[in-house]
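Spelled out, the chains give:
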Amino acid sequence: MAHTPEQIRTILAAEGRKANRALGQNFCTDGALLASCVDAAGLDGLPVLEIGPGLGALTAPLLQRASRVVAVEKDAALAALLPSLLPSERLTVVTGDILRTDVGALMQGEDFALCGNLPYYITTPIAEQFLPMLPRVLLLMVQQEAAARFFAAPGDRVYGPVAILSALYYEAARLFSVPPGSYYPQPDVESAVILLRRRDDDALKALPAANAMLRFSRTALSMRRKTLANNFPRDGRMSALLAEAGLDPAVRAETLPPETLAALCTAYSADDARDVR
Ligand code: SAM
(Lines give C-alpha, C1' and ligand atoms only; values in the text may rest on other atoms or scores of the structure.)
Protein backbone atom coordinates (compact mmCIF):
# COMPACT_ATOMS: atom_id res chain seq x y z
CA MET A 1 0.00 0.00 0.00
CA ALA A 2 2.64 2.50 -1.05
CA HIS A 3 1.28 5.99 -1.58
CA THR A 4 1.93 8.30 -4.53
CA PRO A 5 3.92 11.49 -3.88
CA GLU A 6 0.66 13.43 -4.06
CA GLN A 7 -1.00 11.18 -1.47
CA ILE A 8 2.04 11.47 0.82
CA ARG A 9 1.94 15.27 0.62
CA THR A 10 -1.79 15.23 1.37
CA ILE A 11 -1.51 12.87 4.35
CA LEU A 12 1.35 14.89 5.84
CA ALA A 13 -0.35 18.24 5.14
CA ALA A 14 -3.44 17.05 7.03
CA GLU A 15 -1.12 16.71 10.03
CA GLY A 16 0.40 20.13 9.34
CA ARG A 17 3.59 18.35 8.35
CA LYS A 18 6.18 17.88 5.63
CA ALA A 19 8.67 15.03 5.31
CA ASN A 20 11.35 15.45 7.98
CA ARG A 21 14.73 15.10 6.28
CA ALA A 22 16.56 15.08 9.60
CA LEU A 23 14.78 11.78 10.34
CA GLY A 24 15.68 10.38 6.92
CA GLN A 25 12.06 10.46 5.77
CA ASN A 26 12.20 9.35 2.14
CA PHE A 27 8.98 7.41 1.74
CA CYS A 28 8.99 4.59 -0.78
CA THR A 29 6.39 5.00 -3.55
CA ASP A 30 7.03 1.69 -5.37
CA GLY A 31 4.58 -0.79 -3.86
CA ALA A 32 5.37 -3.51 -6.41
CA LEU A 33 9.07 -3.37 -5.51
CA LEU A 34 8.32 -3.62 -1.79
CA ALA A 35 6.02 -6.59 -2.36
CA SER A 36 8.75 -8.34 -4.38
CA CYS A 37 11.28 -7.72 -1.61
CA VAL A 38 8.99 -9.20 1.02
CA ASP A 39 8.26 -12.21 -1.21
CA ALA A 40 11.99 -12.77 -1.75
CA ALA A 41 12.64 -12.67 1.99
CA GLY A 42 10.43 -15.74 2.60
CA LEU A 43 9.13 -14.47 5.93
CA ASP A 44 6.16 -16.77 6.22
CA GLY A 45 5.08 -17.10 9.81
CA LEU A 46 7.99 -15.14 11.33
CA PRO A 47 7.35 -12.17 13.58
CA VAL A 48 8.85 -9.01 12.10
CA LEU A 49 10.46 -6.04 13.75
CA GLU A 50 10.17 -3.11 11.36
CA ILE A 51 12.36 -0.05 11.73
CA GLY A 52 10.77 3.25 10.74
CA PRO A 53 7.40 2.27 9.23
CA GLY A 54 6.59 5.86 8.23
CA LEU A 55 3.26 5.76 6.38
CA GLY A 56 3.26 1.97 6.12
CA ALA A 57 4.51 1.35 2.56
CA LEU A 58 6.59 -1.65 3.67
CA THR A 59 4.42 -2.50 6.67
CA ALA A 60 1.51 -3.44 4.40
CA PRO A 61 3.26 -6.26 2.47
CA LEU A 62 4.96 -7.36 5.70
CA LEU A 63 1.55 -7.80 7.33
CA GLN A 64 0.57 -10.14 4.49
CA ARG A 65 3.48 -12.49 5.22
CA ALA A 66 4.50 -12.18 8.85
CA SER A 67 2.77 -13.61 11.91
CA ARG A 68 2.87 -10.12 13.40
CA VAL A 69 4.68 -6.84 12.85
CA VAL A 70 6.13 -4.69 15.61
CA ALA A 71 6.98 -1.35 14.05
CA VAL A 72 9.19 1.16 15.87
CA GLU A 73 8.84 4.75 14.64
CA LYS A 74 10.66 7.74 16.12
CA ASP A 75 8.27 10.33 14.67
CA ALA A 76 5.43 10.36 17.21
CA ALA A 77 2.93 11.92 14.79
CA LEU A 78 3.52 9.19 12.18
CA ALA A 79 3.42 6.47 14.83
CA ALA A 80 0.02 7.78 15.97
CA LEU A 81 -1.26 7.87 12.39
CA LEU A 82 -0.16 4.43 11.22
CA PRO A 83 -2.84 2.27 12.94
CA SER A 84 -5.55 4.25 11.15
CA LEU A 85 -3.77 3.83 7.78
CA LEU A 86 -3.28 0.09 8.33
CA PRO A 87 -5.82 -1.28 10.81
CA SER A 88 -4.68 -4.76 11.89
CA GLU A 89 -4.65 -6.71 15.14
CA ARG A 90 -1.27 -8.09 14.10
CA LEU A 91 0.36 -4.66 13.96
CA THR A 92 1.88 -3.08 17.06
CA VAL A 93 3.26 0.41 16.60
CA VAL A 94 5.79 1.61 19.14
CA THR A 95 6.89 5.23 19.34
CA GLY A 96 10.60 5.39 19.97
CA ASP A 97 14.16 5.43 18.77
CA ILE A 98 15.14 2.00 17.47
CA LEU A 99 18.63 2.41 18.92
CA ARG A 100 17.13 2.80 22.41
CA THR A 101 14.41 0.18 22.21
CA ASP A 102 14.40 -3.02 24.27
CA VAL A 103 14.03 -5.37 21.32
CA GLY A 104 14.21 -8.55 23.45
CA ALA A 105 11.12 -7.45 25.36
CA LEU A 106 9.24 -6.40 22.20
CA MET A 107 9.92 -9.64 20.35
CA GLN A 108 9.41 -11.74 23.51
CA GLY A 109 12.63 -13.63 22.91
CA GLU A 110 11.25 -15.17 19.67
CA ASP A 111 13.29 -15.65 16.53
CA PHE A 112 12.40 -12.71 14.29
CA ALA A 113 13.03 -10.95 11.01
CA LEU A 114 14.34 -7.40 10.98
CA CYS A 115 12.99 -5.29 8.14
CA GLY A 116 13.09 -1.65 7.19
CA ASN A 117 13.65 1.08 4.70
CA LEU A 118 16.29 2.50 6.99
CA PRO A 119 16.77 6.13 7.92
CA TYR A 120 20.13 6.67 6.15
CA TYR A 121 21.71 8.68 8.97
CA ILE A 122 21.89 5.70 11.33
CA THR A 123 22.31 2.71 9.00
CA THR A 124 25.69 1.64 10.40
CA PRO A 125 24.70 1.96 14.10
CA ILE A 126 21.56 -0.06 13.33
CA ALA A 127 23.60 -2.74 11.55
CA GLU A 128 26.12 -2.94 14.38
CA GLN A 129 23.34 -3.16 16.96
CA PHE A 130 21.28 -5.81 15.19
CA LEU A 131 23.73 -8.08 13.34
CA PRO A 132 25.04 -9.54 16.65
CA MET A 133 21.45 -10.27 17.76
CA LEU A 134 21.31 -12.80 14.92
CA PRO A 135 17.78 -12.23 13.60
CA ARG A 136 16.84 -15.09 11.26
CA VAL A 137 16.40 -12.67 8.34
CA LEU A 138 17.32 -9.05 7.70
CA LEU A 139 15.58 -7.32 4.79
CA LEU A 140 16.93 -3.81 4.51
CA MET A 141 16.60 -0.95 2.08
CA VAL A 142 19.67 1.25 2.40
CA GLN A 143 21.63 3.79 0.38
CA GLN A 144 24.13 2.20 -2.05
CA GLU A 145 27.07 3.45 -0.05
CA ALA A 146 25.72 1.81 3.09
CA ALA A 147 25.01 -1.42 1.15
CA ALA A 148 28.69 -1.55 0.22
CA ARG A 149 29.57 -1.83 3.93
CA PHE A 150 27.76 -5.18 4.12
CA PHE A 151 29.66 -6.66 1.16
CA ALA A 152 33.10 -5.09 1.57
CA ALA A 153 36.17 -7.33 1.16
CA PRO A 154 39.47 -7.14 3.07
CA GLY A 155 41.39 -4.08 1.95
CA ASP A 156 38.27 -2.13 0.90
CA ARG A 157 37.97 1.31 2.48
CA VAL A 158 34.68 0.40 4.16
CA TYR A 159 35.71 -3.10 5.29
CA GLY A 160 34.73 -3.21 8.95
CA PRO A 161 32.54 -4.86 11.61
CA VAL A 162 29.41 -4.78 9.41
CA ALA A 163 31.09 -6.67 6.55
CA ILE A 164 32.80 -9.07 8.95
CA LEU A 165 29.63 -10.00 10.81
CA SER A 166 27.59 -10.22 7.59
CA ALA A 167 30.08 -12.61 6.00
CA LEU A 168 30.50 -14.82 9.04
CA TYR A 169 26.98 -15.19 10.39
CA TYR A 170 24.81 -14.68 7.28
CA GLU A 171 24.28 -15.54 3.63
CA ALA A 172 24.02 -12.03 2.20
CA ALA A 173 22.65 -10.94 -1.16
CA ARG A 174 21.92 -7.70 -2.93
CA LEU A 175 18.38 -8.02 -4.31
CA PHE A 176 17.64 -4.80 -6.18
CA SER A 177 18.96 -1.35 -6.96
CA VAL A 178 16.36 1.33 -6.32
CA PRO A 179 16.49 4.68 -8.16
CA PRO A 180 15.83 7.99 -6.34
CA GLY A 181 12.54 8.29 -8.28
CA SER A 182 11.08 5.45 -6.18
CA TYR A 183 10.91 7.74 -3.13
CA TYR A 184 9.20 10.91 -2.04
CA PRO A 185 10.97 13.15 -1.41
CA GLN A 186 13.72 11.87 -3.70
CA PRO A 187 17.09 11.23 -2.08
CA ASP A 188 20.26 12.31 -3.87
CA VAL A 189 21.58 8.80 -4.41
CA GLU A 190 20.55 5.28 -5.43
CA SER A 191 19.48 2.76 -2.83
CA ALA A 192 19.69 -1.00 -2.65
CA VAL A 193 17.67 -3.76 -1.08
CA ILE A 194 19.77 -6.32 0.73
CA LEU A 195 18.75 -9.63 2.22
CA LEU A 196 20.71 -11.46 4.91
CA ARG A 197 19.73 -14.92 6.05
CA ARG A 198 21.30 -16.32 9.23
CA ARG A 199 23.54 -19.35 8.68
CA ASP A 200 22.44 -22.70 10.08
CA ASP A 201 23.11 -23.73 13.68
CA ASP A 202 26.12 -25.94 12.81
CA ALA A 203 27.84 -23.06 11.04
CA LEU A 204 27.11 -20.73 13.96
CA LYS A 205 28.46 -23.21 16.53
CA ALA A 206 31.88 -23.06 14.88
CA LEU A 207 32.01 -19.26 15.31
CA PRO A 208 32.68 -17.02 18.31
CA ALA A 209 29.64 -15.42 19.96
CA ALA A 210 28.51 -12.65 17.63
CA ASN A 211 28.77 -9.97 20.34
CA ALA A 212 32.34 -10.98 21.08
CA MET A 213 33.09 -10.85 17.35
CA LEU A 214 31.68 -7.33 17.11
CA ARG A 215 33.83 -6.13 20.03
CA PHE A 216 36.90 -7.89 18.62
CA SER A 217 36.43 -6.40 15.12
CA ARG A 218 35.94 -2.92 16.55
CA THR A 219 39.14 -3.19 18.57
CA ALA A 220 41.15 -4.82 15.78
CA LEU A 221 40.14 -2.07 13.34
CA SER A 222 39.97 0.83 15.78
CA MET A 223 43.08 2.54 14.33
CA ARG A 224 43.20 1.30 10.76
CA ARG A 225 46.80 2.32 10.16
CA LYS A 226 48.05 0.56 13.25
CA THR A 227 48.99 -3.09 13.19
CA LEU A 228 46.36 -5.44 14.57
CA ALA A 229 48.54 -6.26 17.58
CA ASN A 230 48.99 -2.57 18.42
CA ASN A 231 45.23 -2.08 18.59
CA PHE A 232 45.16 -4.50 21.54
CA PRO A 233 46.73 -4.10 24.99
CA ARG A 234 50.52 -4.27 24.65
CA ASP A 235 50.85 -7.36 26.82
CA GLY A 236 52.20 -9.58 24.06
CA ARG A 237 49.14 -11.88 23.97
CA MET A 238 47.94 -10.85 20.53
CA SER A 239 51.47 -10.98 19.11
CA ALA A 240 51.81 -14.52 20.46
CA LEU A 241 48.48 -15.56 18.89
CA LEU A 242 49.51 -14.09 15.52
CA ALA A 243 52.77 -16.03 15.68
CA GLU A 244 50.90 -19.25 16.58
CA ALA A 245 48.60 -18.70 13.59
CA GLY A 246 51.61 -18.19 11.31
CA LEU A 247 50.61 -14.59 10.57
CA ASP A 248 52.92 -11.61 10.09
CA PRO A 249 53.23 -9.89 13.52
CA ALA A 250 52.86 -6.54 11.73
CA VAL A 251 49.67 -7.52 9.89
CA ARG A 252 46.86 -4.96 9.78
CA ALA A 253 43.36 -6.22 10.58
CA GLU A 254 41.85 -4.60 7.49
CA THR A 255 43.78 -7.03 5.29
CA LEU A 256 42.55 -10.17 7.04
CA PRO A 257 39.47 -12.14 5.88
CA PRO A 258 36.55 -12.55 8.30
CA GLU A 259 37.35 -16.25 8.94
CA THR A 260 40.90 -15.42 10.09
CA LEU A 261 39.62 -12.67 12.37
CA ALA A 262 37.04 -15.11 13.78
CA ALA A 263 39.75 -17.67 14.55
CA LEU A 264 41.83 -14.97 16.27
CA CYS A 265 38.77 -13.81 18.23
CA THR A 266 38.12 -17.36 19.44
CA ALA A 267 41.77 -17.81 20.46
CA TYR A 268 41.89 -14.42 22.18
CA SER A 269 38.65 -15.10 24.11
CA ALA A 270 39.96 -18.52 25.20
CA ASP A 271 43.10 -16.77 26.43
CA ASP A 272 40.91 -14.28 28.35
CA ALA A 273 38.99 -17.15 29.94
CA ARG A 274 42.28 -18.76 31.09
CA ASP A 275 43.31 -15.42 32.65
CA VAL A 276 40.08 -15.20 34.62
CA ARG A 277 40.46 -18.67 36.14
N1 SAM B 1 9.13 2.61 5.86
C2 SAM B 1 8.69 3.85 5.25
C3 SAM B 1 8.75 3.71 3.75
O4 SAM B 1 9.42 2.80 3.26
O5 SAM B 1 8.14 4.54 3.06
C6 SAM B 1 9.54 5.04 5.74
C7 SAM B 1 11.02 4.90 5.50
S8 SAM B 1 11.95 6.38 5.83
C9 SAM B 1 13.38 6.06 4.83
C10 SAM B 1 12.64 6.10 7.45
C11 SAM B 1 11.65 6.10 8.60
O12 SAM B 1 12.38 5.88 9.82
C13 SAM B 1 10.90 7.40 8.81
O14 SAM B 1 9.54 7.13 9.03
C15 SAM B 1 11.53 8.02 10.06
O16 SAM B 1 10.67 8.85 10.80
C17 SAM B 1 11.93 6.77 10.84
N18 SAM B 1 13.05 6.95 11.78
C19 SAM B 1 14.09 7.82 11.70
N20 SAM B 1 14.94 7.66 12.73
C21 SAM B 1 14.43 6.63 13.48
C22 SAM B 1 14.86 6.01 14.68
N23 SAM B 1 15.98 6.37 15.30
N24 SAM B 1 14.10 5.01 15.20
C25 SAM B 1 12.95 4.61 14.56
N26 SAM B 1 12.49 5.19 13.42
C27 SAM B 1 13.23 6.19 12.88
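What you are looking at is a predicted structure, and each value in this text was computed from that prediction instead of being measured. (Residues numbered from 1 in each chain as written. Predicted model: local features only at pLDDT ≥ 70, side-chain atom pairs only at ≥ 80, totals over all residues. Heavy atoms only, no water.)

Asks: I'm lost on the overall build of the protein in this one. Help?
Replies: Across its full length, the protein carries 12 helices and 9 strands. A compact globule built from 277 residues would reach a C-alpha radius of gyration of about 19 Å, and the protein, at 21 Å, matches this within 12%. Each principal axis of the C-alpha atoms in the protein carries an extent, and together these give about 65 × 35 × 30 Å. Here the protein holds 277 residues, and 49% of them are scored as buried. Long-range contacts, defined here as pairs at least 24 residues apart, represent 67% of the contacts in the protein between residues at least 6 apart. Looking at the protein as shown, the accessible area adds up to about 12,800 Å², and 51% of this sits on carbon and sulfur atoms. Each charge sign in the protein was given a centre, from 27 positive and 30 negative side chains, and these centres are 4 Å apart. (Helix = DSSP H or I, 4+ residues; strand = E, 2+ residues; numbered from the N terminus. Rg over C-alpha atoms; globule rule 2.2 N^0.38 Å. Buried < 20%, exposed > 50% of the residue type's maximum accessible area, 1.4 Å probe, protein only. Contact = heavy atoms within 4.5 Å. Areas by Shrake-Rupley, 256 points an atom, 1.4 Å probe, with all protein chains shown as cover. Lys, Arg positive; Asp, Glu negative; His and termini not counted. Charge placed at Lys NZ, Arg CZ, Asp CG, Glu CD.)

Asks: What is the right way to look at the side chain of Thr-123 in this model?
Replies: Here Thr-123 is to be found in helix α6 (residues 123-130). Every residue in contact with Thr-123, bar those within four places of it in the chain, is listed here: Leu-118, Val-142 and Ala-146.

Asks: Would you explain the site of the ligand in this entry?
Replies: Taken together, 23 residues sit near the ligand, with Cys-28, Gly-52, Glu-73, Asn-117 and Tyr-121 positioned nearest. In this structure, an oxygen atom belonging to the ligand sits 2.9 Å away from a side-chain N or O atom of Asn-117. Take Tyr-121: an N or O atom from its side chain is 2.8 Å from a nitrogen atom of the ligand. Contact with the protein chains removes 99% of the 590 Å² of surface that the ligand exposes when unbound. In this structure the site holding the ligand corresponds to the largest cavity. Contributions of two or more residues to the shell around the ligand are made by β1 (27-28) and β3 (68-73). (Near = heavy atom within 4 Å. Polar contact = N/O pair within 3.5 Å; in protein donor to acceptor, adjacent residues only side chain to side chain. 1 Å grid on protein atoms, 1.4 Å probe; cavity = no way out; pocket = protein on both sides within 12 Å on 5 of 7 lines; lining within 4 Å. Sits in = over half its atoms within 2 Å of the grid points.)

Asks: Sorry if this is basic, but what is going on with empty space enclosed by the protein here?
Replies: Rolling a probe over the atoms, with the probe sized like a water molecule, indicates the empty space that remains. Under the defined criterion, the tally for this structure stands at 2 cavities of 30 Å³ or more. Of the volumes computed, that of the largest cavity is approximately 480 Å³. For the largest cavity, the lining is made up of 37 residues, of which Gly-24, Gly-52, Asn-117, Leu-118 and Pro-119 are closest to its centre. Secondary structure elements with two or more residues in the lining of the largest cavity: β1, β2 (47-51), β3 and β6 (137-143). Tallied by class, residues from the lining of the largest cavity come to 22 nonpolar, 11 polar and 4 charged. In this structure, the second largest cavity spans a volume of roughly 50 Å³. Around the second largest cavity sit Leu-34, Cys-37, Leu-58, Gly-116, Leu-139, Leu-140, Met-141 and Val-193, which together line it. (Points joined across faces, edges and corners; volume = space filled by probe spheres on them. Nonpolar A, V, L, I, M, F, W, Y, C, P; charged D, E, K, R; others polar.)

Asks: Just to check I follow, could you spell out the side chain of Ser-166 for this structure?
Replies: Mapped onto the fold, Ser-166 is located in helix α8 (residues 161-169). Ser-166 sits in the buried class, given a relative accessible area of 1%.

Asks: Sorry, what's going on with the nonpolar core here?
Replies: One broad rule of soluble globular proteins: the nonpolar side chains tend to lie buried together. Ranked by internal contacts, the top residues of the largest apolar core, which has 58 residues, are Leu-49, Met-213, Phe-216 and Leu-228. In this structure, Met-213 is in contact with Ile-164, Leu-165, Leu-168, Tyr-169, Pro-208, Leu-261, Ala-262 and Cys-265, ignoring residues within four places of it in sequence. Counting residues in each nonpolar core, the second largest holds 29 residues, with Leu-33, Leu-82, Leu-86 and Leu-91 among its members. (Core = buried A, V, L, I, M, F, W, Y, C linked by side-chain atoms within 4.5 Å.)

Keep in mind these numbers describe shape, not what the thing actually does.
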